[in-house]
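# Commentary on secondary and tertiary structure
Spelled out, the chains give:
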Amino acid sequence: MKKSDLFYIWVFISSYLAGVVAYTLSLFLLYDEKMRGWGQLLMWTAPSFFTVTLLLFLLSILLLKLMNKNFLWTQTLLFTLAAIVPVYFIPILSGFWNFTSSASLFSPEGMLFYLFFFISSLMSSYGLWIAHKRHNNKSFLILSFVVAMTFVIIVAWN
């Protein structure tokens, strides 16, 4: 495995952790609740992120390259729009089969899950952009280290 492949894997893992951190912090700050169901959160979001979301991210990059419009802002815009799709997969993973009532993006749960995937998409876009353009990845590594440490603190605190 090449060093660049490991960096791509770390981009996706740290982006997922950034979403978990955003979700749990917003749950605490907005609703004054601690995260109790870590297994449920990970079982609902991990499959959606590591399958549907990553596929949409890769398709977005392919589309932008075909159109010759691959810029950081266009990539980030497409990633944030693609983050809407997995919000509608969460109810299916949790056992609800009715899209209209349980997966509304504007419900409190839907907004929290969109925040999860929105933050993940921002971090993924930034990390993939750095990896693709072969920029210095130290800023992303510092950011991902802060996210990972925040995740550890949140898990230990709850």
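Residues numbered from 1 in each chain as written. Predicted model: local features only at pLDDT ≥ 70, side-chain atom pairs only at ≥ 80, totals over all residues. Heavy atoms only, no water.

### With respect to unusual backbone geometry
- With a phi angle near 55 degrees, D32 is a residue other than glycine that sits in the positive phi range.
- Here D32 lies in the loop between α1 (3-31) and α2 (38-67).
- Among the residues examined, D32 registers a relative accessible area of 63% and is labelled exposed.
- Despite not being glycine, N68 has its phi angle at roughly 60 degrees, a positive value.
- Using a relative accessible area of 64% as the deciding quantity, one classes N68 as exposed. (Helix = DSSP H or I, 4+ residues; strand = E, 2+ residues; numbered from the N terminus. Buried < 20%, exposed > 50% of the residue type's maximum accessible area, 1.4 Å probe, protein only.)

### So, the packing of α1 against α2
- Running from amino to carboxyl end, α1 crosses α2 at an angle of 135 degrees, the nearest separation of the two axes being 11 Å. The angle between α1 and α2 falls in the class oblique. In the packing of α1 onto α2, the handedness of the crossing is right-handed. Here F12, S15, Y16, V20, Y23 and T24 of α1 lie close against α2, whose contacting residues are W38, L41, L42, T45, A46, F49, F50 and L54. (Axes fitted to C-alpha atoms, helices over the stretch in contact; angles between N-to-C directions. Parallel < 35°, antiparallel > 145°, perpendicular 65-115°, else oblique. Left-handed = near helix turned anticlockwise from the far one by under 90°. Contact = heavy atoms within 4.5 Å.)

### Considerations on helix α3 (residues 72-82)
- When α3 is considered as a whole, its buried residues turn out to be T74, Q75, T76, F79, T80 and A82.
- Contacts made by the buried residues of α3 are with α2, α4 (84-87) and α7 (108-133).

### Re the packing of aromatic side chains
- Taken as a whole, this structure holds 13 aromatic pairs when the rule is applied.
- Plain terms: the ring middles of F49 and F50 are 5.0 Å apart, the flat faces sit at 90 degrees to each other, and that makes the pair edge-to-face.
- Its relative accessible area of 0% is what places F49 among the buried residues.
- The class for F50 is partly exposed, based on a relative accessible area of 36%.
- Aromatic ring contacts, followed pair by pair, group Y16, F49, F50, F116 and F117 into a single cluster.
- Positioned over the ring face of W157 is K34, at 4.9 Å from the centre of the ring. (Phe/Tyr/Trp six-rings, centres within 6.5 Å; stacked < 30°, edge-to-face > 60°. Lys NZ or Arg CZ within 6 Å of the ring centre and 35° of its normal.)

### Quick word on the packing of α2 against α7
- Running from N to C, α2 and α7 point in directions that differ by 45 degrees, and their axes come no closer than 11 Å. By the angle class used here, α2 and α7 are oblique. Handedness of the crossing formed by α2 with α7: right-handed. Here L41, W44, T45, S48, F49, T53, F57, I61 and K65 of α2 come into contact with α7, specifically with F113, F116, F117, S120, S121, S124, L128 and H132.
- Its residues assigned to classes, the contact of α2 with α7 shows nine nonpolar, seven polar and one charged. (Nonpolar A, V, L, I, M, F, W, Y, C, P; charged D, E, K, R; others polar.)

### A few points about the nonpolar core
- One finds V20, Y23, W38, L41 and F49 to be the most contacted residues of the largest nonpolar core, which totals 36 residues.
- Sorting the residues of this core by element identifies α1, α2, α3, α7 and α8 (138-157) as the ones contributing at least two each.
- When sequence neighbours within four positions are dropped, the list of residues in contact with Y23 reads M35, L41, L112, F113 and F116. (Core = buried A, V, L, I, M, F, W, Y, C linked by side-chain atoms within 4.5 Å.)

The quantities given are spatial measurements derived from coordinates; they are silent on function.
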